Amino acid sequence: MSTNAKVEVLGKSDNPAPADLSTAALSALYRIDEFEEIARSKLSEMAFAYYAGSAGDGRTLMRNRSAWEELSIWYRVMVDVSSRSTATTLFDKSMAFPLLSAPTALHKMAHPDGELATVRACGSAGIPMVVSSLSTTTIEEICAASTGPVYFQIYIGQDRGFVKELVQRVERAGCAGLQLTVDAPVWGLREREMKTGFRVPEHLTIANLQRTDHLGPTGHVGVGIAETLGWTITPSLKWQDLEWMVALTKLPVMLKGVCRADDAVTAVRHGARGIVVSNHGGRQLDGAPATAEALPRITEAVASRVPVIVDGGIRRGLDILRALALGATAVQVGRPILWGLSVAGEAGVRRVLEILSSDFDRSMALAGCSTVASITRDLLHPRG
Ligand SMILES: Cc1cc2nc3c(=O)[nH]c(=O)nc-3n(C[C@H](O)[C@H](O)[C@H](O)COP(=O)(O)O)c2cc1C
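Now for a quick tour of the structure. Source: prediction; values computed, not measured. (Residues numbered from 1 in each chain as written. Predicted model: local features only at pLDDT ≥ 70, side-chain atom pairs only at ≥ 80, totals over all residues.)

1. A word on the environment of alanine 125
- Its location among the elements puts alanine 125 in helix α5 (residues 114-125).
- For alanine 125, a count of 22 C-beta atoms within 10 Å gives the class buried.
- It is 7.4 Å that separates the C-alpha atoms of alanine 125 and glutamate 354, two residues lying 229 residues apart in sequence.
- Once residues lying within four places of it in the same chain are set aside, the contact partners of alanine 125 are Ala96, Arg350, Leu353 and Ser357. (Helix = DSSP H or I, 4+ residues; strand = E, 2+ residues; numbered from the N terminus. Buried ≥ 20, exposed ≤ 12 C-beta atoms within 10 Å, placed from the backbone. Contact = placed C-beta atoms within 7 Å.)

2. Topic: the nonpolar core
- Of all hydrophobic cores here, the largest spans 115 residues; its most connected members are Leu255, Ile275, Val277, Ala328 and Val331.
- Per-element tally for this core: the top contributor is helix α14 (residues 335-367), with 15 residues.
- Setting aside residues up to four positions removed in sequence, isoleucine 275 forms contacts with Met254, Leu255, Val258, Ala264, Ala267, Ile298, Val302, Val306 and Val308. (Core = buried A, V, L, I, M, F, W, Y, C linked by C-beta atoms within 7 Å.)

3. Quick notes on the site of the ligand
- Around the ligand, the structure places 23 residues, and the nearest of them are Ser132, Thr181, Gly281, Gly334 and Arg335.
- Along the lines of polarity and charge, the residues of the shell around the ligand split into eight nonpolar, eleven polar and four charged. (Near = placed C-beta within 6 Å. Nonpolar A, V, L, I, M, F, W, Y, C, P; charged D, E, K, R; others polar.)

4. Here's the deal with the pairing of strand β8 (residues 274-277)
- Side chains Gly274 and Val276 of β8 all project onto a buried face; the interleaved residues Ile275 and Val277 project onto the opposite face, where all are buried too.
- Handedness of the β-α-β unit built from strand β7 (residues 253-258), helix α11 (residues 261-269) and β8 comes out right-handed.
- Pairing analysis gives three bridges linking β8 to strand β9 (residues 308-311), with the strands arranged parallel. From the neighbouring strand, valine 277 faces β9, where its bridge partner is valine 310.
- Crossover connection from β8 via helix α12 (residues 291-302) to parallel β9: handedness right-handed. (Right-handed = clockwise from strand over helix to strand, strands pointing away. Pairing = 2+ DSSP bridges.)

5. Some words on the packing of helix α13 (residues 317-325) against α14
- Between α13 and α14, the least distance of the axes is 7 Å, while the angle of their chain directions is 60°. Classified by the interaxial angle, the pair formed by α13 and α14 is oblique. Classified by chirality, the crossing of α14 by α13 is right-handed. Along its contact with α13, which presents Gly317, Leu318, Ile320 and Leu321, the element α14 presents Leu356, Asp359, Phe360, Arg362, Ser363, Met364 and Ala367.
- Here the residues of the contact of α13 with α14 sort into seven nonpolar, two polar and two charged. (Axes fitted to C-alpha atoms, helices over the stretch in contact; angles between N-to-C directions. Parallel < 35°, antiparallel > 145°, perpendicular 65-115°, else oblique. Left-handed = near helix turned anticlockwise from the far one by under 90°.)

As structure tokens, this is what we get:
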């Protein structure tokens, strides 16, 4: 057993099937769910269960999707939408449309090109990538391959010296900001991971967390994410710890994993420069509200003081429109990127982003919106 974050491989092949879908086959895919079905057939049972899985009974995972679908859009008519722009900005950096690739772990388990494929696809689509601290490629390599903004997701782990060094590395690499994830004081109950014997595959490393003196109590050999990477999180975080991180860096720190308006307001008071409304894609507290339910309370309480991003269950351009109507600055998608990557690497992620972008543009036109600024709350709750 090696002394870094490599661990034993169990189960059948953890290498994704080699053949990527052809460009022609990709262009015949229109739904994110189709990508998921193909990914299921290509990935090992263990890898698919890790990506698709949720905490507990998956109530929050399911609600994340259905809560968006339940929001009717009261479209406007007789608006000139012949010329439209989906462009927007986040921290003064332009985005072709209001979407970021959410931080998700272990991209090389989906495709050998891993995070480099994702960052290139995001660059081509003109949107930012948020890199997971559990990425399988170093932040330096990812930033070097990027053509657009890259953000870094971070946990405050148990060794503050290590976290501080990591923040400095991320700054030096040229990242545009941090997402500090705080919905994981402990890992959620991931029964599916336990059942499929989840291990980080032997040929992969958790590239940014390589320090031999930071092996977890089990030497990263445990079953499930909890035992394997438990040392990267800490259950004792308080608001002062957010202040500590804000003071460490000039980069804007967003707080990721917020569902309550009072927490969002407190976060801004303690220096957060953005809020990410998220329940970790239903992977942490099962029973947490859907993010579509949490979002309007938070945007109202934060009142445009900082950008509010939302993720969880966004699968259609229509959902992006709904989120913006509820006051979000932008949305993030997690699993859709992983499905695109599994299906055809960079080209697969590009196709997923193309589907979401063109569907968002079409939804704007049908709703009577020619700019992102014209997507307002009355689309969901008209007066009278
Ligand atoms: C396989 C997987 C790994 C994830 N890894 C991380 C992570 O390392 N850090 C983090 O803050 N969130 C992580 N998330 C949560 C995502 O950032 C995001 O909140 C979630 O995927 C959004 O839901 P969606 O998958 O329905 O789009 C992960 C999600 C998935 C599905």
